[in-house]
Amino acid sequence: MKKHELNAFKGDLFTTGSAGKGSDEKMEISDKGIVMDLVLPVAVLILACIMGMVYTGGFFDGVDFVTAFADADASMGLVFGGIIAIIFTFFYYMLRDVINFNQFMECVGEGFKAMVAPILILTFAWTLSGMTNLLGAKYYVADLVAGSADGLQSMLPAVIFLVALGLAFSTGTSWGTFGILIPIVIGVFPSGEMMLISIAACLAGAVCGDHCSPISDTTIMASAGAECNHINHVSTQLPYALTCAAVSVVSYIIAGFIQNPIICLVIGVVLMVVTMLVIEKVIGREPVDKGDSVVEE
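Residues numbered from 1 in each chain as written. Predicted model: local features only at pLDDT ≥ 70, side-chain atom pairs only at ≥ 80, totals over all residues. Heavy atoms only, no water.

A. Main features of the packing of helix α2 (residues 36–56) against helix α4 (residues 74–96). Two elements in contact, α2 and α4, have axes separated by 7 Å at closest approach and are oriented at 150 degrees. Our classification of the angle between α2 and α4 gives roughly antiparallel. In terms of crossing hand, the pair formed by α2 and α4 is right-handed. When grouped by side-chain class, the residues that make up the contact of α2 with α4 number 18 nonpolar, 6 polar and 2 charged. (Axes fitted to C-alpha atoms, helices over the stretch in contact; angles between N-to-C directions. Helix = DSSP H or I, 4+ residues; strand = E, 2+ residues; numbered from the N terminus. Parallel < 35°, antiparallel > 145°, perpendicular 65-115°, else oblique. Left-handed = near helix turned anticlockwise from the far one by under 90°. Nonpolar A, V, L, I, M, F, W, Y, C, P; charged D, E, K, R; others polar.)

Here you go:
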């Protein structure tokens, strides 16, 4: 991260060895745009998705809102919301004369291409989840752990964290990892503090792995939105994420034995602060040099 920051001070925003953008592609910028052009379509999308979901749940047939939301067909509701938002955005931009018809149609195609990778990732994750369920992995792990010693069960939160991290990193999706591991966690610990700790470990590990994964939709869209090199984005965030992950593993090992959320939270915060102080002591704190670019081949 320091290397890229120093290059950015020099004007080499993309660590390419030259100042300016990393490509010769020039985008046409409209001087008619306002903040509302971004906020309003997003607000309509959120509202339309909610209304689409409660519609599929029977809200407009007399069912109360909460019941309709609980019984909603989320996939169909999101499709309805997306279509409504696209139609609204089209007429809104045409009336505002922000972009012309041809530009809007080009944006639809580019948006679809941008979503191909996330769609494939989710498809593969759902396939993996379905295969795992058909193979009965959750029952196998539940039976295996049920006959284990109490000491091994106390280590399970840390193990679940690492498994979730690796699975999310490999598949690029945290939600797919939730679908695979949470049923296993519930099968091993049906109730009690260990269930809560293990679910927390599953959620944290999956989000961490998804954040680090170069094939994650969130990682891909983050680098695309910032217009930075995708691999540079992944490599610069890994040291920070993995440092937190290492502290989390130790914290979950402790949590498996103590099983007190307040005490474990305090211990985790203390460990994180101590880790940062140790890193600063070992590496040191150097002043930022805004001189020549330090691009590395």
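Still more to cover.
B. Structural context of the environment of leucine 45. If you trace the backbone, leucine 45 turns up in helix α2. Using a relative accessible area of 34% as the deciding quantity, one classes leucine 45 as partly exposed. Put simply, leucine 45 and isoleucine 86 are 41 residues apart on the chain and 8.3 Å apart in space, counted from C-alpha to C-alpha. Excluding anything up to four places from it in sequence, leucine 45 contacts Gly81, Gly82 and Ala85. (Buried < 20%, exposed > 50% of the residue type's maximum accessible area, 1.4 Å probe, protein only. Contact = heavy atoms within 4.5 Å.)

C. Seen up close, the packing of helix α9 (residues 193–212) against helix α11 (residues 230–258). One can describe the packing of α9 onto α11 by two numbers: an axis separation of 10 Å at closest approach and a directional angle of 170 degrees. The angle between α9 and α11 places the two elements in the roughly antiparallel class. When α9 is examined against α11, the residues Met194, Ile197, Ala200, Ala201, Ala204, Cys208, His211 and Cys212 are found in contact with a partner set consisting of Val234, Gln237, Leu238, Ala241, Ala245, Tyr252, Ala255 and Gly256. Here the residues of the contact of α9 with α11 are counted per class, giving 13 nonpolar, 3 polar and no charged.

D. Spatial organisation of helix α8 (residues 174–188). Taking 1.5 Å as the rise per residue, α8 with 15 residues should run 21 Å; its terminal C-alpha atoms sit 21 Å apart, in good agreement. A bend of about 30 degrees at leucine 181 is the largest found in α8, and the proline proline 183 appears one to four places after it. Among all positions of α8, only Ser174, Gly176, Thr177, Phe178, Ile180, Leu181, Ile184, Val185 and Val188 are buried. (Expected span 1.5 Å × (residues − 1). Bend = angle between axes of the 7 residues up to and from the residue.)

E. Summary view of the side chain of aspartate 37. Locating aspartate 37 in the fold gives a position in helix α2. On the basis of relative accessible area, aspartate 37 is assigned to the buried category, the value being 6%. Within the structure, the side chain of aspartate 37 is placed 2.9 Å from the side chain of tyrosine 92, a separation counted as a polar contact. (Polar contact = N/O pair within 3.5 Å; in protein donor to acceptor, adjacent residues only side chain to side chain.)

F. Highlighting the nonpolar core. The biggest cluster of nonpolar side chains holds 29 residues, and the ones touching the most others in it are Phe161, Leu181, Phe189 and Tyr252. Those elements that place two or more of their residues in this core are α7 (150–171), α8, α9 and α11. If we skip the residues at most four places from it in the chain, phenylalanine 161 touches Ala201, Ala204, Gly205, Ala245, Ser248, Val249 and Tyr252. In this structure, Tyr92, Tyr93, Val98 and Phe104 belong to the second largest nonpolar core, which totals 5 residues. (Core = buried A, V, L, I, M, F, W, Y, C linked by side-chain atoms within 4.5 Å.)

G. Spatial organisation of the packing of aromatic side chains. As enumerated under the stated definition, the model contains 11 aromatic pairs in all. Each ring, one from phenylalanine 59 and one from phenylalanine 65, has its centre 5.8 Å from the other, and the planes form 85 degrees; the classification is edge-to-face. Pairing phenylalanine 65 with phenylalanine 69 gives two aromatic rings, centres 6.1 Å apart and planes at 20 degrees, and the pair type is stacked. In this pair, phenylalanine 65 and phenylalanine 69 both sit in helix α3 (residues 65–70), 4 residues apart, roughly one turn of the helix. With relative accessibility at 40%, the residue phenylalanine 69 sits in the partly exposed group. Grouping aromatic residues by their ring pairs yields a cluster made of Tyr55, Phe59, Phe60, Phe65, Phe69 and Phe80. (Phe/Tyr/Trp six-rings, centres within 6.5 Å; stacked < 30°, edge-to-face > 60°.)

H. Quick peek at α4. Over its 23 residues, α4 runs 32 Å from end to end, which matches the ideal 33 Å to within 8%, given 1.5 Å per residue. All buried positions along α4 are accounted for by Gly77, Gly81, Ala85, Thr89, Tyr92 and Tyr93.

I. Quick look at unusual backbone geometry. With phi around 60 degrees, aspartate 97 is a residue other than glycine that occupies positive phi space. Within the element layout of this structure, aspartate 97 appears in the loop between α4 and α5 (101–134). Under the relative-accessibility criterion, aspartate 97 is labelled partly exposed at 43%. For glutamine 259, which is not a glycine, the phi torsion comes out positive at approximately 60 degrees. Inspection of the secondary structure assignment puts glutamine 259 in the loop between α11 and α12 (261–283).

J. Examining the state of the cysteines more closely. Per the counting criterion, the structure on display carries 0 disulfides. Not part of a disulfide, cysteine 208 finds its nearest cysteine sulfur in cysteine 212, a span of 4.3 Å. We classify cysteine 208 as buried; its relative accessible area is 13%. (Disulfide = S-S within 2.5 Å.)

Worth remembering: the numbers are spatial, not functional.
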